[in-house]
Amino acid sequence: MNNSKELYLTTLRDKNATPHQFRTAATQLAQLLAYDTVNHIKTKKIAIETPNAATTGSTFAQDIVLIPILRSGITMLPSFLFYFEQATVGVVGLKRDETTAQAQWYYCNLPPLTANQQIIILDPMLATGGTGVEVLKKLQQIGVRDSQVLYVSMIAAPEGLHHIKASFPAVTFINAAIDQKLNTKKFIIPGLGDFGDRYFGTL
Ligand code: URA
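These numbers come from a predicted model, not from an experiment.

Q: Could you give an account of the site of the ligand, naming the residues involved and the relevant values?
A: Residues in contact with the ligand, as listed here, are Met125, Ala127, Lys186, Phe187, Ile188, Gly193, Asp194 and Phe195. At 2.8 Å, a backbone N or O of Ile188 approaches an oxygen atom of the ligand. A distance of 2.8 Å separates a nitrogen atom of the ligand from a polar backbone atom of Gly193. Protein chains bury 88% of the 240 Å² of accessible surface belonging to the ligand in isolation.

Q: Residues and numbers for the environment of Leu9, please.
A: Secondary-structure assignment places Leu9 in helix H1 (residues 3-13). The exposure class assigned to Leu9 is buried, which follows from its relative accessible area of 2%.

Q: Could you give an account of the side chain of Gln62, naming the residues involved and the relevant values?
A: Assignment of secondary structure puts Gln62 in the loop between strand S2 (54-60) and strand S3 (64-70). Among the polar contacts listed, one links the side chain of Gln62 to the backbone oxygen of Asn116, at a separation of 2.9 Å. Excluding its chain neighbours within four sequence positions, the residues that come into contact with Gln62 are Lys42, Asn116, Gln117 and Gln118.

Q: So what's going on with the pattern of salt bridges? Which residues, and what values?
A: Applying the stated criterion across every chain yields a total of four salt bridges. Note that Arg71 and Asp197 form a salt bridge whose closest N and O atoms lie 2.9 Å from each other. Taken together, the residues span a long stretch of sequence, with Arg71 in the loop between S3 and helix H3 (77-83) and Asp197 in helix H6 (residues 195-200) at a distance of 126 residues. Two residues, Lys137 and Glu134, come together in a salt bridge whose shortest N-O distance is 3.3 Å. Placement of both Lys137 and Glu134 in helix H4 (residues 130-142) is noted, with a separation of three residues, approximately one turn of the helix.

Q: Any chance you could break down the layout of surface pockets for me, citing the residues and the numbers?
A: Computed from the structure, the largest pocket encloses a volume of approximately 720 Å³. Around the largest pocket, the lining is made up of 32 residues, and of these Ser72, Leu94, Arg96, Met125 and Asp194 lie nearest the centre. Of all the elements in the fold, those that place two or more residues in the lining of the largest pocket are S3, strand S5 (91-96), strand S6 (103-109), H4 and H6. Considering only residue class, the lining of the largest pocket consists of 14 nonpolar, ten polar and eight charged. Of the voids in this model, the second largest pocket is the one considered here, and its volume is about 240 Å³. In terms of lining residues, the second largest pocket is bounded by 14 residues, among which Phe60, Gln62, Asp63, Ile64 and Gln86 are the most central.

Q: Let's hear about the packing of aromatic side chains: which residues, and what values?
A: If you walk through the whole model with that rule in mind, you get eight aromatic pairs. Ring geometry for Phe80 and Phe84: centres 6.3 Å apart, planes at 25°, overall stacked. Overall, Phe80 belongs to the buried group, its relative accessible area being 0%. The exposure class assigned to Phe84 is buried, which follows from its relative accessible area of 1%. Ring geometry for Phe82 and Tyr83: centres 5.3 Å apart, planes at 85°, overall edge-to-face. In this structure an aromatic cluster arises from ring pairing among Phe22, Phe195, Tyr199 and Phe200. One residue, Lys138, lies across the ring of Trp105, its end atom 4.5 Å from the ring centre.

Scoring rules and cut-offs
Residues numbered from 1 in each chain as written. Predicted model: local features only at pLDDT ≥ 70, side-chain atom pairs only at ≥ 80, totals over all residues. Heavy atoms only, no water. Near = heavy atom within 4 Å. Polar contact = N/O pair within 3.5 Å; in protein donor to acceptor, adjacent residues only side chain to side chain. Areas by Shrake-Rupley, 256 points an atom, 1.4 Å probe, with all protein chains shown as cover. Helix = DSSP H or I, 4+ residues; strand = E, 2+ residues; numbered from the N terminus. Buried < 20%, exposed > 50% of the residue type's maximum accessible area, 1.4 Å probe, protein only. Contact = heavy atoms within 4.5 Å. Salt bridge = Lys/Arg side-chain N within 4 Å of Asp/Glu carboxyl O. 1 Å grid on protein atoms, 1.4 Å probe; cavity = no way out; pocket = protein on both sides within 12 Å on 5 of 7 lines; lining within 4 Å. Points joined across faces, edges and corners; volume = space filled by probe spheres on them. Nonpolar A, V, L, I, M, F, W, Y, C, P; charged D, E, K, R; others polar. Phe/Tyr/Trp six-rings, centres within 6.5 Å; stacked < 30°, edge-to-face > 60°. Lys NZ or Arg CZ within 6 Å of the ring centre and 35° of its normal.

Quick look at the structure:
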């Protein structure tokens, strides 16, 4: 992991961080991840004119669709919209059933999706991968291929990565850390606790 990401992750992991410190570090880390994500996007050459001369530059080769997974994914959206200002945004909501740890749908509002877009899923904590699998299944039903998808997380658990890769091997994962494992309650170890509760102050 690069040093700058470790700095902000350290604040996020610290149980004594205040909600204010947690939110600031989460925004800082989301910005670094958004910047990394730009480097994964295909670009194409275009002709432009400076005030002085004709030259060439580049632009994104595909339309971008950001899909934050409620509730925590929404916290990464402003940082990603800063870099992908022309993106359309689809919002999906799945809640983890605390007894079965299965993902249950409660919201889905997607823009038109095509086989030519670059889809970027925002999910700060990739734990069991159950939510990710449900979202990817829904996208597949609409005709999206897994090779179109970048899955961006702050922290991922090995179990979740394996779970998603087993059904959707062509998804590209971007994260700041891959932690050790899940505990019996399906929280990431060492992790940072419940991201949404710490970010929104609902502990
Ligand atoms: N979601 C969180 O917020 N934290 C975890 O450790 C796992 C899922």
